[in-house]
Amino acid sequence: MHQSTAQIFVPDAKPEAEALKRITHLGIGAHQDDLEFMAFHGILECFASEAKWFGGVTCTNGAGSSRSGAYAQFTDAQMMAVRRTEQNNAAVVGQYGVMFQLDYPSSAIKSATDMSLKNDLKEIFTATQPEVVYTHNPADKHDTHIGVVIGALQALRELPREQRPKKVIGCEVWRNLDWLSDADKVLMDVSGRDNLAAAINGVFDSQIAGGKRYDLATQGRRAANATFFESHATDKTTQLIFGMDLTPMVADESRDILEYVCGFIDQLKAGVREKLGKRLGQL
């Protein structure tokens, strides 16, 4: 890893090489708590399983975390230590197979010329070779999240084809994905495990007590997705996460990432225009 302060934590204390090889689902998040909010589907798929194991990667060092209340006077160094501990505690509660904390400043991740993150992620992908990868969606409004998903896609595209994951999903955090057409949504049903979700989300006390109720907002969004997904049918789920399918971007490295993502936005615009135009008698 490029950062000398990067850490690899194995919750069940297995030898590192063994822990890495068993990973089947891998989440790549920008900040401590992003994995728990966006990749809960992967965590749940692997929870209490000997055949499937979730691995987490948190890319930033937590220095820019918001702080108020009990944490208002914390220095950057103190907040970084707290956030790192919270993330490792979540890995214990969620029974992750491995937890990477790469410890980058956000500025490096947002840089269009610094390839360090991409190279670190390529090493991690090579060591773990997961079947499914969860990361941020490329239409997210947080610049650091965009930096992470681009780094992940660039790294995946450089892998030999036989090492690339079968599925790559861009997930909701700082912009939800209800605007995608239903046919384009990756539907991730996480119903029935609200207690586990609450336990994992609640680990991040520095943010919750520090002024952001991410725990309530995350589960509220999932509940809203479940209810508002279909307008003419009763709910089939109680907690639903939407994703954007990024697998085509990894399967074919010649495809333009910008055009691919903006194509979904163009579909939204066309659909809105069609519905309004019909009702106004203009189409």
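For the structure, check the block above.
Engineer: Tell me about the sheet that holds strand β4 (residues 98–104), and name the residues and values.
Structural biologist: On the basis of which strands lie adjacent, the open sheet formed by eight strands has the order β1-β4-β3-β2-β5-β6-β8-β7 and mixed pairing. Because the sheet does not close on itself, it has two edges, and the strands there are β1 (7–9) and β7 (185–189). Here the strands of the sheet are splayed against their neighbours by 25 degrees on average, with no regard to which way each runs. Bridge analysis of strand β2 (residues 25–29) against strand β5 (residues 132–136) gives three bridges, and the strand direction is parallel. The residue of β5 that forms the bridge with Gly-27 is Tyr-134. Most of the contacts of helix α4 (residues 76–93) go to β4, to which it runs at about 160 degrees, and overall it touches β1, β3 (54–60) and β4. Here helix α6 (residues 116–128) sits on the sheet in contact with β2, β3, β4 and β5, set at roughly 170 degrees to β4.

Engineer: Summarise helix α10 (residues 214–228); cite the residues concerned and give the values.
Structural biologist: With 15 residues, α10 extends 20 Å from end C-alpha to end C-alpha; this agrees with the ideal 21 Å at 1.5 Å per step. Among the residues of α10, Tyr-214, Asp-215, Thr-218, Gln-219, Arg-222, Asn-225 and Ala-226 are the ones counted as buried. Taken around the axis of α10, the buried residues stretch over an arc of 130 degrees, which confines them to a single face. Exposed and facing more than 90 degrees away from the buried side of α10 are Leu-216 and Phe-228. Turning to α10, the residues buried within the fold contact α2 (34–38), α3 (40–46), α8 (194–201), α9 (205–208) and β8 (240–245).

Engineer: Please set out the packing of α6 against helix α7 (residues 143–157) residue by residue, giving values where relevant.
Structural biologist: Across the interface, α6 lies against α7 with an axial gap of 8 Å and an inter-helix angle of 55 degrees. The angle between α6 and α7 falls in the class oblique. The handedness of the crossing between α6 and α7 comes out as right-handed. Here Leu-117, Lys-118, Leu-121, Lys-122 and Phe-125 of α6 come into contact with α7, specifically with Gly-147, Val-148, Gly-151, Ala-152, Gln-154, Ala-155 and Leu-156. Its residues assigned to classes, the contact of α6 with α7 comprises seven nonpolar, three polar and two charged.

Conventions adopted
- Residues numbered from 1 in each chain as written.
- Predicted model: local features only at pLDDT ≥ 70, side-chain atom pairs only at ≥ 80, totals over all residues.
- Heavy atoms only, no water.
- Pairing = 2+ DSSP bridges.
- Helix = DSSP H or I, 4+ residues; strand = E, 2+ residues; numbered from the N terminus.
- Axes fitted to C-alpha atoms, helices over the stretch in contact; angles between N-to-C directions.
- Contact = heavy atoms within 4.5 Å.
- Expected span 1.5 Å × (residues − 1).
- Buried < 20%, exposed > 50% of the residue type's maximum accessible area, 1.4 Å probe, protein only.
- Arc of directions from axis to C-beta.
- Parallel < 35°, antiparallel > 145°, perpendicular 65-115°, else oblique.
- Left-handed = near helix turned anticlockwise from the far one by under 90°.
- Nonpolar A, V, L, I, M, F, W, Y, C, P; charged D, E, K, R; others polar.

Treat this as a map of the structure, not an account of what it does.
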